[in-house]
There are 2 protein chains.
Amino acid sequence: MREAFHEQLDAIFDDLTAICGSVETAVRLATEALLTGDPTTAEAVISADVEIDRARERVEDSAFLLLSLQQPVASDLRTVVAALRMVSDLERMGDLSVHVAKIARLRVPNVAVPAEIRPTVERMAQVAEDMVMRVGKIIADRNVEDALALVHVDEEMDTLRRDSFASLLSNDWSHGVEAAVDVALLGRYYERIADHAVSVANRVVFVVTGEHPRSVDAPA
Amino acid sequence: MREAFHEQLDAIFDDLTAICGSVETAVRLATEALLTGDPTTAEAVISADVEIDRARERVEDSAFLLLSLQQPVASDLRTVVAALRMVSDLERMGDLSVHVAKIARLRVPNVAVPAEIRPTVERMAQVAEDMVMRVGKIIADRNVEDALALVHVDEEMDTLRRDSFASLLSNDWSHGVEAAVDVALLGRYYERIADHAVSVANRVVFVVTGEHPRSVDAPA
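Cut-offs and rules
- Residues numbered from 1 in each chain as written.
- Chains lettered and ligands numbered in written order.
- Predicted model: local features only at pLDDT ≥ 70, side-chain atom pairs only at ≥ 80, totals over all residues.
- Heavy atoms only, no water.
- Helix = DSSP H or I, 4+ residues; strand = E, 2+ residues; numbered from the N terminus.
- Rg over C-alpha atoms; globule rule 2.2 N^0.38 Å.
- Buried < 20%, exposed > 50% of the residue type's maximum accessible area, 1.4 Å probe, protein only.
- Areas by Shrake-Rupley, 256 points an atom, 1.4 Å probe, with all protein chains shown as cover.
- Lys, Arg positive; Asp, Glu negative; His and termini not counted.
- Charge placed at Lys NZ, Arg CZ, Asp CG, Glu CD.
- Least-squares fit on C-alpha atoms with pLDDT ≥ 70 in both.
- Core = buried A, V, L, I, M, F, W, Y, C linked by side-chain atoms within 4.5 Å.
- Contact = heavy atoms within 4.5 Å.
- Buried area = accessible area lost by both parts, 1.4 Å probe.
- Salt bridge = Lys/Arg side-chain N within 4 Å of Asp/Glu carboxyl O.
- Polar contact = N/O pair within 3.5 Å; in protein donor to acceptor, adjacent residues only side chain to side chain.
- Phe/Tyr/Trp six-rings, centres within 6.5 Å; stacked < 30°, edge-to-face > 60°.
- Lys NZ or Arg CZ within 6 Å of the ring centre and 35° of its normal.
- UniProt positions renumbered as here; feature names shortened; annotations may be inferred.
- Expected span 1.5 Å × (residues − 1).
- pLDDT = per-residue confidence, 0-100.
- Axes fitted to C-alpha atoms, helices over the stretch in contact; angles between N-to-C directions.
- Parallel < 35°, antiparallel > 145°, perpendicular 65-115°, else oblique.
- Left-handed = near helix turned anticlockwise from the far one by under 90°.
- Nonpolar A, V, L, I, M, F, W, Y, C, P; charged D, E, K, R; others polar.

Our focus in this paragraph is the overall build of chain A. Tallying secondary structure elements over chain A gives six helices and zero strands in all. Ordered by position in the sequence, the α and β elements of chain A form the string α-α-α-α-α-α. Its C-alpha atoms give chain A a radius of gyration of 19 Å, within 12% of the compact-globule value 17 Å for 220 residues. Expressed along its principal axes, the backbone C-alpha trace of chain A runs to roughly 65 × 35 × 20 Å. Out of the 220 residues in chain A, the part that is buried amounts to 55%. As displayed, chain A offers around 8,900 Å² of accessible surface, 50% of which is attributable to carbon and sulfur atoms. On chain A, the mean spot of the 22 positive side-chain charges and the mean spot of the 38 negative ones are 3 Å from each other.

And the structure:
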């Protein structure tokens, strides 16, 4: 019984790792669409999101079945509930990639991000994608050390977001309101992807150690 | 055993109703701070958020205890897991109110929202607050009909968000980039409060009927 439980739990964590891989692709392609203005790539991200949603449903169904049939307690129970939360975070990261892709699509044949602020947006996207990639490994290996290190990567995202605001609101900004609003919202979406990545990493810490590294929720 | 279970479950739903009341206050005061530029009100929202976070932790602890000690199955299990998700949604709505209050605080002694677009922002805030109030009753009464009706209120939010973008991006916009970015982000925050309200309402439908009214997740 207990062995069956852990096999099924491992299968759920394998699914979470796979979903994280899909999210990584979504973030990467959404950024590519954003920086190139390619509508086909934007559409690909938007239409692929349904697969992430379906994968989430499968994980939820497996987790319910596991709770119903095996009735885990203590740390096993916490792990299953944590898996349910991780899959919500991952699905939300997919949705946020769709938001990025939709801004890209809205500005075709132009590119939403003016050249002047492109390095900052590109770096935000890189940090987000890197965090998603790390989270995939963190889930697969249940690696607490790497999970705790992710918070420091997230600090760079905060700095980048501040930098982007400083550019938008400076007197030198010559790209008008539309580009400024796009960049502000894009910053918000990448920041939220990063927040959810930290949240997933924190749940891995909780699963392994039984302790919350800090609030399990993304920072306000 | 079963009776004790349902008493404890009712207590959790009472807590959810109370948290929803705190969120309603947070949304209302954040909007007041935003429209008046009053820093004391903004600070009150920001500092009160820790109470919502603590209330969420208490609900989580109660739900875990219930799962551990009573090992519910089938619809009882679904209800406890739904409660865990509802409390996450509610806490996030509190965080989003804090974001609104922080924009208000950032612009003191000025008001972030230019008079021209004030009616739209005010209406968005009213819709959000109204949705939170309705959700409180929906949780308390487990009212499926009211829960399903909430989707239509959410449609008004979508329209308002589109209206606000049309104003920001029109040639008549004379309030510069900073105000436009503020209004775009405020629109996003109120929209997300509304999304989470719909999400909570959908979970109540699921708890009562065992069916998802549509995707339980907030629309992308």
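Anyway, onward from the coordinates.
Turning next to the relation of the copies chain B and chain A. Superposing chain B onto chain A requires a rotation of 180 degrees together with a translation of 0.0 Å along the rotation axis, leaving an RMSD of 0.0 Å. A rotation of that kind, with that shift, is consistent with a two-fold axis.

Moving on, we come to the nonpolar core. The tendency in soluble globular proteins is for nonpolar side chains to be buried as a group. By size, the foremost hydrophobic cluster in this structure holds 155 residues, and its most contacted members are A:L16, A:L34, A:I139, A:Y190, B:L34, B:I139 and B:Y190. Among the elements that line this core, the one with the most residues is helix α6 (residues 176–209) of chain A, at 19 residues. Apart from residues no more than four positions distant in its own chain, B:L34 is found in contact with B:V100, B:I103, B:A104, B:V111, B:A112, B:V113, B:V121, B:L186 and B:Y190.

Here we take up the interface of chain B and chain A. Residue-level contacts link 38 residues of chain B with 37 residues of chain A. Taking both sides of the interface into account, the surface hidden between chain B and chain A amounts to around 3,200 Å²; carbon and sulfur atoms contribute 60%. Linking chain B to chain A there are two salt bridges. Applying the counting rule to chain B against chain A returns four residue pairs in polar contact (both at pLDDT 80 or more). Listed by contribution, the elements that provide at least two residues to the side of chain B that touches chain A are α2 (39–70), α3 (74–107), α5 (144–169) and α6 (176–209) of chain B. Per-element tally for the side of chain B that touches chain A: the top contributor is α3(B), with twelve residues.

Along the chain, A:V108 connects to A:P109 via a cis peptide bond; the corresponding omega equals 5 degrees. Mapped onto the elements, A:P109 comes out in the loop between α3 (74–107) and α4 (118–141). Of note, A:A74 is a non-glycine position whose phi angle comes to about 45 degrees, a positive value. Mapped onto the secondary structure, A:A74 falls in helix α3. Exposure remark for A:A74: the relative accessible area of 47% places this residue in the partly exposed category. Here B:R142, not a glycine, exhibits a phi torsion of approximately 45 degrees, which is positive. Mapping B:R142 onto the fold places it in the loop between α4 (118–141) and α5. A relative accessible area of 27% places B:R142 in the partly exposed class.

To continue, consider the pattern of salt bridges. Working definition: two side chains of opposite charge can pair if their charged atoms are close together. Throughout the structure, instances matching the rule amount to 32 salt bridges over all chains. B:R54 serves as the salt-bridge partner of B:E51, at 3.3 Å between the closest nitrogen and oxygen. Placement of both B:E51 and B:R54 in helix α2 is noted, with a separation of three residues, approximately one turn of the helix. According to the relative accessible area criterion, B:R54 is partly exposed, its value standing at 42%. One salt-bridge network, in which partners are shared between bridges, spans A:R56, A:E60, A:E91 and B:R85.

To continue, consider the packing of aromatic side chains. Per the stated rule, a full pass over the model turns up zero aromatic pairs over all chains. Residue placement shows A:R142 over the ring face of A:F13; its charged tip is 4.0 Å from the ring centre.

Under the present numbering, the feature "domain: PhoU" (unreviewed entry) in UniProt falls on residues 21–103 and 121–204 of chain A. Between the C-alpha atoms that bound residues 21–103 of chain A the distance is 23 Å, and the span itself is 94% helix and 0% strand.

With that out of the way, let us pick up the environment of A:A112. Residues and elements named next belong to chain A. Here A112 shows up in the loop between α3 and α4. Judged by its relative accessible area of 7%, A112 is buried. Residues A112 and E57, spaced 55 residues apart in sequence, show a C-alpha to C-alpha distance of 33 Å. Residues in contact with A112, not counting those within four places in the same chain, are L34, I103, R107, A179 and D182.

The first and last C-alpha atoms of helix α1 (residues 2–36) of chain A sit 51 Å apart over 35 residues, in line with the 51 Å expected at 1.5 Å per residue. Phi for A:G37, located one or two positions after α1(A), is positive at around 70 degrees.

When you line up the elements, A:S97 lands in helix α3. Apart from residues no more than four positions distant in its own chain, A:S97 is found in contact with A:V23, A:A26, A:V27, A:A30, A:V45 and A:I193.

Confidence along chain A averages 94 in pLDDT terms, with 96% of residues attaining 70 or more. Averaged pLDDT values over the elements of chain A bottom out at 94 in helix α5 (residues 144–169) of chain A and peak at 97 in α4(A).

Residue and element names in this part refer to chain A. Packing of α3 against α6 leaves a shortest axis separation of 9 Å and a crossing angle of 165 degrees. Between α3 and α6, the angle is such that the two are roughly antiparallel. Between α3 and α6 lies a crossing whose hand is left-handed. A class-by-class count of the residues in the contact of α3 with α6 yields 17 nonpolar, five polar and nine charged.

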